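Notes for the structure review
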Amino acid sequence: MSATENRYLEVCFTPALIHLHDISNAVVVVIDVLRATSSMCVAFSYGVKSIVPVATIEESLAYKEKGFLIGAERNGEMLDGFDLGNSPFSYMDEKVRGRDIALTTTNGTQAMAAAKGAAQVVAGSFLNLDALCNWLKSQDKSVVLLCSGWKNSFNLEDTLFAGAVVAQLKPHFEMSQLRDAALAAEHLYNLAKDDIDGFLVESSHRKRLHKLQIDKDIEYCLTPNQSPVVPGLVNGALVDLLKM
Ligand code: MLT
């Protein structure tokens, strides 16, 4: 599909604002570049079967008894007693191949919950940028790019990724009245695109991860097109929609 055909493209800067968007006939792309949706993309490119995003640590623990690998992150750190954290590198491991995972993170999995009610929820990150954009173009649906932000406030890295998607999708979609967030995201992305890490250097979560000495996670998560997958929710679990 190449014409706009009344599909609109919107950006929502934080889950707290999602109620302003009509998502009932839209694909909501949940974005948590650092690092939840990046790790999800890596997990599927390393053969994970499904990921159930859960809101709480207790819910994640309960999945252990069902044979799942369990993952948890809070404030950037992995929690004791879990098999996995939220680093993309922890999913580059044979132990995840063919497995079901239950994952809870500070913001990314919460944003997935906020997108409940969408026609389809998918995960986006720089790692699956082109695969995601090609898939979105092929769908007969509007698109809402939902930035996970940090605890319901704006963040820069998710906004830059939203801008990268807007830059690719704009010719194929209409801009609705709620267009200014999309325009702002695209402008910021155009300013940042030649050195995204440098652009983010003063940003809050980048600084938090730097303090935790995981700059290699940041560098990896900002490298486009390492994971040609489209993780999407089907019956409450993410699967790679390109394999269905
Ligand atoms: C989140 O969901 O808030 C994150 O992805 C934080 C992180 O682990 O970097």
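Before going into details, it helps to say that this report is about the structure given with it.

Calculation rules
- Residues numbered from 1 in each chain as written.
- Predicted model: local features only at pLDDT ≥ 70, side-chain atom pairs only at ≥ 80, totals over all residues.
- Heavy atoms only, no water.
- Near = heavy atom within 4 Å.
- Polar contact = N/O pair within 3.5 Å; in protein donor to acceptor, adjacent residues only side chain to side chain.
- Areas by Shrake-Rupley, 256 points an atom, 1.4 Å probe, with all protein chains shown as cover.
- Nonpolar A, V, L, I, M, F, W, Y, C, P; charged D, E, K, R; others polar.
- Patch = residues over 30% accessible without salt bridge, like charges linked within 9 Å, V, L, I, M, F, W, Y side chains within 5 Å.
- Salt bridge = Lys/Arg side-chain N within 4 Å of Asp/Glu carboxyl O.
- Helix = DSSP H or I, 4+ residues; strand = E, 2+ residues; numbered from the N terminus.
- Buried < 20%, exposed > 50% of the residue type's maximum accessible area, 1.4 Å probe, protein only.
- Contact = heavy atoms within 4.5 Å.
- Phe/Tyr/Trp six-rings, centres within 6.5 Å; stacked < 30°, edge-to-face > 60°.
- Lys NZ or Arg CZ within 6 Å of the ring centre and 35° of its normal.
- Core = buried A, V, L, I, M, F, W, Y, C linked by side-chain atoms within 4.5 Å.
- Expected span 1.5 Å × (residues − 1).

With that settled, the discussion passes to the site of the ligand. Taken together, 13 residues form the shell around the ligand, and within it Asp 32, Asn 86, Thr 105, Asn 107 and His 205 come nearest. A distance of 3.4 Å separates an oxygen atom of the ligand from a polar atom in the side chain of Glu 73. When the ligand sits alone it has 270 Å² of accessible area, and the protein chains cover 100% of it. Looking at the shell around the ligand residue by residue, the class counts come to four nonpolar, six polar and three charged.

All right, on to a nonpolar patch on the surface then. A cluster of nonpolar side chains, contributed by Leu 17, Leu 20 and Leu 178, occupies part of the molecular surface with about 250 Å² of accessible area. In this fold, Leu 20 is placed in the loop between strand S1 (8-12) and strand S2 (26-31).

The next thing to look at is unusual backbone geometry. Cis geometry marks the peptide bond from Leu 34 to Arg 35, where omega comes out at 5°. Even without being glycine, Asn 75 reaches a positive phi, approximately 55°. Within the element layout of this structure, Asn 75 appears in the loop between strand S4 (69-74) and strand S5 (77-78). The class for Asn 75 is partly exposed, based on a relative accessible area of 37%. A positive phi is found at Asn 235, a non-glycine position, where the angle reads about 50°. Mapped onto the secondary structure, Asn 235 falls in the loop between strand S10 (231-234) and strand S11 (237-240). Among the residues examined, Asn 235 registers a relative accessible area of 79% and is labelled exposed.

Within the fold, His 21 resides in the loop between S1 and S2. Residue classification places His 21 among the buried residues on the basis of a relative accessible area of 10%. Beyond its immediate chain neighbours, meaning those up to four positions away, His 21 contacts Glu 10, Val 11, Cys 12, Val 144 and Leu 178.

So, on to the environment of Val 234. Examined against the element boundaries, Val 234 turns out to sit in strand S10. As a C-alpha pair, Val 234 and Val 122 span 112 residues in sequence and 9.6 Å in three-dimensional space. Apart from residues no more than four positions distant in its own chain, Val 234 is found in contact with Val 239, Leu 241 and Met 244.

This model, assessed by the stated rule, comprises four aromatic pairs. Between Phe 89 and Tyr 220, the ring centres sit 5.4 Å apart and the planes meet at 55°, which makes this aromatic pair tilted. Here Phe 89 is found in the loop between S5 and strand S6 (100-104), whereas its partner Tyr 220 is found in helix H9 (residues 215-221), with 131 residues between them in sequence. Since its relative accessible area comes to 19%, Tyr 220 is described here as buried. Positioned above the aromatic ring of Phe 173 is the side chain of Arg 7, whose terminal nitrogen or guanidinium carbon lies 4.2 Å from the ring centre. Across the ring face of Tyr 63, the terminal group of Lys 66 is positioned such that the distance to the ring centre comes to 4.2 Å.

Looking now at the nonpolar core. If you look at the biggest cluster of nonpolar residues, it comprises 41 residues, and the most contacted ones within it are Val 11, Val 29, Phe 126, Leu 136, Leu 145 and Val 165. Counting only elements with at least two residues in this core, the list comes to S1, S2, helix H4 (129-138), strand S8 (142-147), helix H5 (156-169), helix H6 (180-192) and H9. Setting aside residues no more than four positions away along its own chain, Phe 126 makes contact with Val 33, Glu 157, Leu 160, Phe 161, Ala 164, Tyr 189, Ile 196, Cys 221, Leu 222, Thr 223, Pro 224 and Asn 225. One finds Leu 84, Ala 115, Ala 123 and Val 229 within the second-largest nonpolar core, a separate group that totals 32 residues.

A few words on H5. One turn of an α-helix holds 3.6 residues; hence residues three or four places apart share an orientation. For H5, which comprises 14 residues, the first-to-last C-alpha distance of 20 Å matches the rise-based estimate of 20 Å (1.5 Å per residue) to within 8%. The element H5 is largely enclosed, with a buried count of eleven among its 14 residues. The complete set of buried residues in H5 reads Glu 157, Asp 158, Thr 159, Leu 160, Phe 161, Ala 162, Gly 163, Ala 164, Val 165, Val 166 and Leu 169.

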